[in-house]
Amino acid sequence: AIWSSAVLGRLLPKLPRPLVYGLGLTLALGLTSTLFALLSFSHALYPAAAWIAILASCVAAAACIVSRVHAEAALFEGFSKFQFACLTALIAFLWIGTLLPEIAYDSLVYHLSYPELYILNHGFTHMPFSFYADFPQAVEMLYLFGLLIGDEITAKAFQFLIAIAIILVMLGVGRHWSRDHRMGLLAVAAFFSMPMMLFNVWSCESDIGACLFAVAALVMMALWMEQGLCGYAALSGLFCGWAMGTK
């Protein structure tokens, strides 16, 4: 996420930092999903591959930090202490729910069980007994990563990262188009006040991931229409592809 945010920070130098970091985290999640899909196709799903990916990511992040190519601007510039406290409380609330055991039916039946079968077979395995196995599985590749190095809680941690990305994108969109950070806070409050959103964050479902990629695609399309840079359209297409590959 640090590396991708650094790259996007250079491509999008005039955008608010929350939006850059949110889109950077979204890009990192999409690339991670693609990486583990490729490992699944090549039947190279082993814990060593996951740890090599983590090590490479840490090296890239350290290089970005050392070279100071990441953005230095404050993420929460202009926030009052009360607004910052409310946002921190929401993030803590989301994290606590992430640590609960998985009980959602869909998550147990196929969102987690199928990636576990892929791990046991070191790659994609045809499952003619269930049509769910033929659904798009971009977010399931993130769960697969979590299961490869940990357990269901590690897999659910990716849902937490998706929620953080949504929060950052909303804060950035509010600051960019309304010039008022309170609009982003209002969007975050409205979004996470819906019980179904909390349920999706706290379980290994695919809806919240599809929401993130779809919103990121829409934001990049709006930026392309606003500034006319083809790279924005390309990123919009990339995010749109991950959204369609999720649900």
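All figures in this text were calculated on a predicted structure; none of them were measured in a lab. (Residues numbered from 1 in each chain as written. Predicted model: local features only at pLDDT ≥ 70, side-chain atom pairs only at ≥ 80, totals over all residues. Heavy atoms only, no water.)

1. Describing the overall build of the protein
For clarity, the threshold we go by: Numbered from the N terminus, helices here are DSSP runs of H or I no shorter than four residues, and strands are runs of E no shorter than two. Here's how the labels work: a residue is buried when its accessible area is under 20% of the maximum for its type, exposed when over 50%, partly exposed in between, all with a 1.4 Å probe on protein chains only. Any two residues having at least one pair of non-hydrogen atoms within 4.5 Å are treated as being in contact. Surface accessibility follows the Shrake-Rupley procedure with a 1.4 Å probe radius. Residue values consider only the protein chains on display as shielding.
What the protein contains, in helices and strands, is 12 helices and 0 strands. Secondary structure elements in the protein, listed N-terminal to C-terminal, are α-α-α-α-α-α-α-α-α-α-α-α. Each of the 247 residues in the protein was classed as buried or not, and the buried ones make up 47%. Sequence separation of at least 24 residues holds for 73% of the intrachain contacts in the protein that already meet a minimum separation of 6. When the accessible area of the protein is evaluated, it comes to approximately 12,000 Å², of which 74% is carbon and sulfur surface.

2. Describing the nonpolar core
Just so we agree on the cut-off: Only buried residues count toward a nonpolar core. Its members are Ala, Val, Leu, Ile, Met, Phe, Trp, Tyr and Cys residues joined through side-chain atoms within 4.5 Å.
Of all hydrophobic cores here, the largest spans 48 residues; its most connected members are Phe36, Leu94, Ile166, Ile167 and Phe192. Broken down by secondary-structure element, the contributors of at least two residues to this core are helix H2 (17–41), helix H4 (81–98), helix H6 (113–120), helix H7 (138–149), helix H8 (152–177), helix H9 (181–192), helix H10 (195–201) and helix H11 (207–227). If you tally residues by element for this core, the top one is H8, at 12 residues. Phe192 has contacts with Leu90, Leu94, Ala163, Ile166, Ile167, Leu198 and Val201, leaving out every residue within four places of it along the chain. Leu19, Leu23, Ala216 and Leu235 belong to the second largest nonpolar core, which has 18 residues in total.

3. Some thoughts on unusual backbone geometry
Peptide bonds are, in most cases, trans, and in most cases residues other than glycine have a negative phi. The phi dihedral of His43 is positive, around 55°, even though this residue is not glycine. Inspection of the secondary structure puts His43 in the loop between H2 and helix H3 (47–67).

4. Notes on empty space enclosed by the protein
The line we're drawing: Think of a 1 Å grid over the protein atoms and nothing else: a 1.4 Å probe that fits but is trapped marks a cavity, an open set flanked by protein within 12 Å on at least five of seven lines marks a pocket, and residues with an atom within 4 Å of a point count as lining. Grid points are joined across faces, edges and corners, and a volume is the space filled by probe spheres set on the points. Residues are grouped as follows: Ala, Val, Leu, Ile, Met, Phe, Trp, Tyr, Cys and Pro are nonpolar; Asp, Glu, Lys and Arg are charged; every other residue, Gly included, is polar.
Under the criterion given, the structure shown has 1 cavity of 30 Å³ or more. Here the largest cavity defines a volume of roughly 30 Å³. Lining the largest cavity are Ile166, Val169, Met170, Cys211 and Val215. Here the lining of the largest cavity takes 3 residues from H8, the largest share from any one element. Here the residues of the lining of the largest cavity sort into 5 nonpolar, no polar and no charged.

5. Some thoughts on the side chain of Glu140
Just so we agree on the cut-off: Counting rule applied: Lys, Arg positive; Asp, Glu negative; His and chain ends not counted. What makes a salt bridge here is a side-chain nitrogen of Lys or Arg within 4 Å of a carboxyl oxygen of Asp or Glu, nothing more.
The topology assignment puts Glu140 in helix H7. For the buried Glu140, no salt bridge exists, and the shortest N-O distance to an oppositely charged side chain is 8.0 Å, to Lys247.

6. Comments concerning the confidence of the model for the protein
A low pLDDT score tells you not to read the predicted coordinates there in detail. Which entries qualify depends on this criterion: On a scale of 0 to 100, pLDDT captures the predictor's confidence in every residue.
This prediction gives the protein a mean pLDDT of 87; 89% of its residues lie at or above 70. Low pLDDT, under 50, characterises residues 68–73; the stretch is placed with 10 contacts to residues that sit more than four places away or in other chains.

7. Focus: a nonpolar patch on the surface
In plain terms, the rule: A patch consists of residues whose relative accessible area exceeds 30% and which take part in no salt bridge; residues with like charges are grouped when within 9 Å of each other, and nonpolar side chains (Val, Leu, Ile, Met, Phe, Trp, Tyr) when within 5 Å.
On the surface, Leu117, Leu120 and Phe129 cluster together to form a nonpolar patch covering roughly 330 Å² of accessible area. Among the structural elements, Leu117 can be located in helix H6. The class for Leu117 is partly exposed, based on a relative accessible area of 31%.

8. Regarding the environment of Arg17
Looking at the secondary structure, you find Arg17 in helix H2. Between the alpha carbons of Arg17 and Leu168 there is a distance of 8.7 Å; along the sequence they are 151 residues apart.

9. What to know about the packing of H2 against H7
The test is simple: Comment: axis = line fitted to C-alpha atoms, over the contacting stretch for helices; angle = value between 0 and 180 degrees taken between N-to-C directions. Should an angle fall under 35 degrees it is called roughly parallel, over 145 degrees roughly antiparallel, and 65 to 115 degrees roughly perpendicular, with every other angle called oblique.
Where H2 meets H7, the closest approach of the two axes is 8 Å, and the angle between their N-to-C directions is 75°. When the interaxial angle is binned, H2 and H7 end up roughly perpendicular. Of the residues in H7, those in contact with Leu29, Thr32, Ser33, Phe36, Ala37 and Ser40 of H2 are Ala138, Met141, Leu142, Leu144, Phe145 and Leu148. Looking at the contact of H2 with H7 residue by residue, the classes come out as 9 nonpolar, 3 polar and no charged.

10. Structural notes on the pattern of salt bridges
Tallying each qualifying case throughout the model produces 2 salt bridges. A salt bridge links Asp180 to Arg182; the shortest N-O distance between them is 3.0 Å. Look at Asp180 and you get buried, because its relative accessible area is 18%. Among the residues examined, Arg182 registers a relative accessible area of 48% and is labelled partly exposed. Its salt-bridge partner being Lys247, residue Asp207 comes within 3.5 Å of it at the nearest N-O pair. A residue pair is termed long-range when its members are at least 10 positions apart, and Asp207 in helix H11 and Lys247 in the segment after helix H12 (230–244) qualify at 40 residues. Using a relative accessible area of 58% as the deciding quantity, one classes Lys247 as exposed.

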